[in-house]
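# Per-entry structural report
So you can see what is in the structure, the chains are spelled out below.
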Amino acid sequence: MDIKALFEKPKNDFPFEKSFVFAGIHFHILSMELQAIEDIEHYIPKELDRREGDIPSQIEIRFIIDPELEQSVRSACFQKGETIIAKRKFTYKRLKLDDQVLFASHEGDEPHSVAVNKGRYAVIGKNNNESAIRCPLRIVREIALRTLENQGGCFTHAAAVSFEDGQKGALIIGDKGAGKSTTMWQFLHHGGADFITNDRSISVLEDQELTVYGWPMCLALGVGTVQATTNIQELKNKKFSRSQDKRIWDETISTEEEAKEKWASGCKFEITPKEAAEMTGTTIRSSTKVDMVIFPSLKIGSGEIRLVPVKKDDQRAKDIMAANIREPEDPDYLKGWLGLRHVSDTFLEQKASELIHHLFNMPCFYLEGDPRHLQEAIPDLLNKKVSSI
């Protein structure tokens, strides 16, 4: 088989398929391997995107395991292609031809290749390694992000949760280690919230209404965050989609010093959105309206939980927003590897400025205190949220 034959292969020849709408985009996955479909289902919500009716066409992604074809693409890319950075510490060799673009994994990942032909995509695995199986999801994420950026959306280093079936929500924004994941996790467990995203989101401001879309990726949760809500030893028998660091089962937090050392550092649980929903009894949603911003500042030994209103001219909050609204370039995901962004850096910088201004005009709070007290404080936090709107 060659690339042309792969794209001409009848759809009925693919035994597995999945069709879904994410970020307003209709995707159709055709796969020769069940694993690729199962992987997508761990990250994409079951509920339909409300914008589905607006989508006239769909984007097709094909997936096969074919060592000979993968090697053929790889050889062509390595002989004549250029090196591009897809993500920090991960590169492809890219070869542009008249009617298609070929990519072969280069550094930082297991062997797989990608072909793009007139808006259609195909992933060719050398074998069923994790990198190949997850590549369709990588393409879905890239298409969704760059499409929303072209519409003025901003890639944001933030978690988000949803209330009232996506009609209200909270954007949880902060620097690494501030407590975004811990706050999000407690809202899921004890706040009646639905899951949107854990570490990255895409914020789209339209007609003075903010919609935040999730970024389908694995949740990396510290031992303290998980132990606060779950008996870790009971998770040993759970089958996770991703392999867990074996050291994590021996991690315990029982003293003040252990809490300071291990709460959010060291080994992390890697949990898919589907697994997070199962563990918390919540729903995964693709997007939510946002009407509140939380800046977590959680630290072991810092006392009871406080919800402190942010003043309009608060420079600290402005600095946090500026550092974590990742436009025009995210330090990890850069500006895209499929060449789908069509707007200028200046355009995205302006949209980031507009987003910051809008966020400051809605209720904003610092969430301060010791994360070990967060569970008991969640009901009070929700009451304050309601009274502040």
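Structural notes, computed from the coordinates. What you are looking at is a predicted structure, and each value in this text was computed from that prediction instead of being measured.

Criteria and thresholds
Residues numbered from 1 in each chain as written. Predicted model: local features only at pLDDT ≥ 70, side-chain atom pairs only at ≥ 80, totals over all residues. Heavy atoms only, no water. Helix = DSSP H or I, 4+ residues; strand = E, 2+ residues; numbered from the N terminus. Expected span 1.5 Å × (residues − 1). Bend = angle between axes of the 7 residues up to and from the residue. Buried < 20%, exposed > 50% of the residue type's maximum accessible area, 1.4 Å probe, protein only. Polar contact = N/O pair within 3.5 Å; in protein donor to acceptor, adjacent residues only side chain to side chain. Contact = heavy atoms within 4.5 Å.

### Some points on helix 4 (residues 130-150)
- In this model, helix 4 (21 residues) spans 30 Å end to end at C-alpha, consistent with the 30 Å of a helix rising 1.5 Å per residue.
- The axis of helix 4 is deflected most strongly, by about 35°, at P136.
- Across the 21 residues of helix 4, 17 count as buried, placing the element largely inside the fold.
- The N-cap of helix 4, judged by a side-chain oxygen 3.2 Å from the amide nitrogen of S131 a few residues on, is N129.
- Following helix 4 by one or two positions, G152 adopts a phi angle in the positive range, close to 100°.

### Thoughts on helix 8 (residues 273-280)
- The element helix 8 is extensively covered by neighbouring structure, given that six of its eight residues are classed as buried.
- Here helix 8 has its buried residues at P273, E275, A276, A277, M279 and T280.
- The secondary structure elements touched by the buried residues of helix 8 are helix 5 (180-190), strand 12 (194-197), strand 15 (219-222) and strand 16 (268-271).
- One or two residues past the end of helix 8 sits G281, with phi positive at roughly 70°.

### Some details on the environment of I133
- Take I133: it is sitting in helix 4.
- Taking relative accessible area as the criterion, I133 reaches 7% and is therefore assigned buried.
- Distance in space between the C-alpha atoms of I133 and I64 is 9.4 Å, their sequence separation being 69 residues.
- With residues up to four places along the chain from it excluded, the contact list for I133 reads Q35, A36, D39, F63 and N128.

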